[in-house]
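The lines below spell out each chain.
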Amino acid sequence: MPFAGVDYYRLDELLTDEEKMIRQTVRDFVEREAVPIIEEHNTRETFPRHLIPRMAELGMFGATLKGYGCAGLNNVSYGLICQELERGDSGLRSMVSVQGSLCMHPISTFGSEAQRERWLPGMAAGQLIGCFGLTEPDHGSDPGGMETRARADGNHFVISGVKRWITNGSIADVAIVWAKTNEGIRGFLVEKGMPGFSAHDMKGKFSLRASVTSELVLDDVRVPHENMLPNVVGLKGPFSCLNQARYGIAWGALGAAMACYETALEYAKLRRQFDRPLAGFQLVQQKLVHMVTEITKGQLLAYRLGQLKDQQKVRPEQISMAKRNNVGQALEIARLARDILGANGIVNEYPVIRHMLNLETVNTYEGTYDMHTLIVGRDITGEDAIR
Ligand SMILES: Cc1cc2nc3c(=O)[nH]c(=O)nc-3n(C[C@H](O)[C@H](O)[C@H](O)COP(=O)(O)OP(=O)(O)OC[C@H]3O[C@@H](n4cnc5c(N)ncnc54)[C@H](O)[C@@H]3O)c2cc1C
């Protein structure tokens, strides 16, 4: 049966025809081209790179940007793209988040016109891939402690440091590397092949296996001055990118949750124990009701967030609330679905265990669940409990 979506509260009535058409196009793409091959990539720990040109054709890279070959969609449409992609796999949505929100967004917002012209059309077309280097081995939730340094030397900066857990790292043509300079934290476009720059894949992950995760090593890399993002200084640069990406994640997590809910519901209707379908037992119904209720609440949160974003009224703390809630709930939904499937819940014949393990990463990256708790906590109390 083709996936028909989860819409307990008639949310489709809030979507425009264009938004529904975009969602359907991505849904069909995921169903036909991603679902049949994703388990294999997950097993082999590879990203399905052959899908990149198709993703570009469908306007997924830098989808909300205008000009430079980008689709110029509204934020609700972009959210729906993330939802459908992540129903396939969190690795697909991660690739799109990194390319668009973490690389094209800073080039578009903080870059020079020359940087925009050089990178954005190729990235929109999927011919150039980007990655975002903020996290370091010893600095994750507190990126302000970063040790990567960029020292001015004539027309160049000399960058040294290590960035770890970098999505798309080894397949990227350009890395946005955040480094400390004498005037504060700045973003640099570090290009593949620059002497002293290398990327090494991290293997042995049990989560987000169908995604490239790398360590970037910068050993006195000489980067020309014109490769620095000229229009931002300080942590507000990377934080602005993370806000964009977290918005997409709030929608994406719903897609993973929907895949788990749908699988568990169908399984519970078919699987019989004690002469009845599992769906006929109260405890199983309680789990399924919890799942569909949390998906519905998450949809309302994401949709309203998209409206606020389209009206340029959104605050970062509102994005934190949605990222925290929707990913946390998606993870719980995936664990409940895994439980309903019994032993079948641990095999890759069903997508549930893969989504469940992926969501462990999604709950951690782009600000952990607890960091977003503290961000919203600070917002409503005026007390900073982070430090
Ligand atoms: C698969 C994958 C892909 C990733 N992709 C990227 C990428 O493309 N680019 C990039 O820059 N990074 C990326 N990351 C890194 C990710 O953003 C970090 O892992 C994340 O920010 C958390 O940092 P950490 O792992 O160092 O954990 P830590 O910061 O060490 O946190 C560990 C635990 O301590 C808690 N904690 C920390 N500080 C506090 C506090 N003040 N109060 C209470 N609890 C606290 C955290 O909530 C967490 O539970 C990726 C990570 C993964 C797993």
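Residues numbered from 1 in each chain as written. Predicted model: local features only at pLDDT ≥ 70, side-chain atom pairs only at ≥ 80, totals over all residues. Heavy atoms only, no water.

Novice: Can you explain the overall build of the chain? Please cite residues and give values.
Specialist: Across its full length, the chain holds ten helices and nine strands. Over its C-alpha trace the chain gives a radius of gyration of 21 Å, about what one expects of a compact globule, namely 21 Å for 387 residues. Its C-alpha atoms give the chain principal-axis dimensions of roughly 80 × 45 × 40 Å. Sorting the 387 residues of the chain into buried and exposed places 54% on the buried side. Just so you have it, the chain exposes about 16900 Å², and 52% of that area is on carbon and sulfur atoms. Distance between charge centres in the chain, computed from 43 positive and 46 negative side chains, equals 2 Å. (Helix = DSSP H or I, 4+ residues; strand = E, 2+ residues; numbered from the N terminus. Rg over C-alpha atoms; globule rule 2.2 N^0.38 Å. Buried < 20%, exposed > 50% of the residue type's maximum accessible area, 1.4 Å probe, protein only. Areas by Shrake-Rupley, 256 points an atom, 1.4 Å probe, with all protein chains shown as cover. Lys, Arg positive; Asp, Glu negative; His and termini not counted. Charge placed at Lys NZ, Arg CZ, Asp CG, Glu CD.)

Novice: Which residues make up the packing of aromatic side chains, and what values do they have?
Specialist: Scanning the model with the defined rule gives four aromatic pairs in all. Centre to centre, the rings of Tyr-267 and Tyr-350 are 5.7 Å apart; their planes meet at 85 degrees, and the pair counts as edge-to-face. With a gap of 83 residues between them, Tyr-267 in helix 6 (residues 236–270) and Tyr-350 in the loop between helix 8 (316–340) and helix 9 (352–364) connect regions that are remote in the sequence. The positively charged end of Arg-276 is found above the aromatic ring belonging to Phe-281, 4.5 Å away from the centroid. Here the basic side chain of Lys-309 rests over the ring of Tyr-247, its NZ or CZ set 5.3 Å away from the ring centre. (Phe/Tyr/Trp six-rings, centres within 6.5 Å; stacked < 30°, edge-to-face > 60°. Lys NZ or Arg CZ within 6 Å of the ring centre and 35° of its normal.)

Novice: Can you break down the site of the ligand residue by residue, with the values?
Specialist: Residues in contact with the ligand amount to 19 residues; listed here are only the nearest, Thr-135, Ser-141, Trp-165, Thr-167 and Thr-368. Ser-141 places a side-chain nitrogen or oxygen 2.6 Å from an oxygen atom of the ligand. The contact in question runs from a nitrogen atom of the ligand to an N or O atom on the backbone of Trp-165, over 2.7 Å. Here the ligand has 980 Å² of accessible area as a free molecule, and 67% of this is covered by the chains. For the shell around the ligand, the secondary-structure elements that each account for two or more residues are strand 3 (156–167), helix 9 and helix 10 (369–381). Grouping the constituent residues of the shell around the ligand by class yields nine nonpolar, eight polar and two charged. (Near = heavy atom within 4 Å. Polar contact = N/O pair within 3.5 Å; in protein donor to acceptor, adjacent residues only side chain to side chain. Nonpolar A, V, L, I, M, F, W, Y, C, P; charged D, E, K, R; others polar.)

Novice: So what's going on with a nonpolar patch on the surface? Residues and values would help.
Specialist: Judged by side-chain polarity, Tyr-8, Tyr-9 and Leu-300 come together as a nonpolar surface patch covering roughly 380 Å² of accessible area. Residue position: Tyr-8 is located in the segment before helix 1 (17–44). (Patch = residues over 30% accessible without salt bridge, like charges linked within 9 Å, V, L, I, M, F, W, Y side chains within 5 Å. Salt bridge = Lys/Arg side-chain N within 4 Å of Asp/Glu carboxyl O.)

Novice: An account of the pattern of salt bridges is requested, with residue identities and associated values reported.
Specialist: Side chains that differ in charge, positive against negative, can pair when their charged atoms come close. One pass over the structure, following the stated rule, counts 25 salt bridges. Its salt-bridge partner being Glu-40, residue Arg-44 comes within 2.9 Å of it at the nearest N-O pair. Separated by four residues within a single helix, Arg-44 and Glu-40 lie in helix 1, roughly one turn from each other. Given a relative accessible area of 47%, Glu-40 falls into the partly exposed group. Glu-294 serves as the salt-bridge partner of Lys-297, at 2.9 Å between the closest nitrogen and oxygen. Here the residue Lys-297 and the residue Glu-294 both occupy positions in helix 7 (residues 282–310), the gap between them amounting to three residues, near one helical turn. Three or more residues joined by partner-sharing salt bridges are found here, namely Glu-33, Arg-54 and Glu-57.

Novice: Before we move on, could you go through unusual backbone geometry and cite the residues and values that matter?
Specialist: Although it is not a glycine, Tyr-68 sits at a positive phi angle of roughly 55 degrees. Looking at where Tyr-68 falls in the secondary structure, it is placed in the loop between helix 2 (52–57) and helix 3 (75–88). Phi at Leu-208 takes a positive value of approximately 50 degrees, unusual for a residue other than glycine. In this structure, Leu-208 sits in the loop between strand 6 (197–201) and strand 7 (213–224). Look at Leu-208 and you get buried, because its relative accessible area is 3%.

Novice: Give a detailed account of the state of the cysteines, specifying residues and quantitative values.
Specialist: Applying the stated criterion across every chain yields a total of zero disulfides. Cysteine Cys-82 shares no disulfide, and the gap to the nearest cysteine sulfur, in Cys-70, comes to 15 Å. (Disulfide = S-S within 2.5 Å.)

Novice: Talk me through the side chain of Arg-354; I want residue IDs and the actual numbers.
Specialist: Relative to the assigned elements, Arg-354 resides in helix 9. According to the relative accessible area criterion, Arg-354 is buried, its value standing at 7%. At 2.6 Å, the side chain of Arg-354 and the side chain of Asp-89 are in polar contact. Dropping the residues within four chain positions of it, Arg-354 is found in contact with Ile-38, Glu-39, Asn-42, Gly-88 and Asp-89. (Contact = heavy atoms within 4.5 Å.)

Novice: Describe the environment of Thr-368, with residues and values.
Specialist: Mapped onto the elements of the fold, Thr-368 is located in the loop between helix 9 and helix 10. Along the primary structure Thr-368 and Thr-296 are separated by 72 residues, whereas in three dimensions their C-alpha atoms are 23 Å apart.

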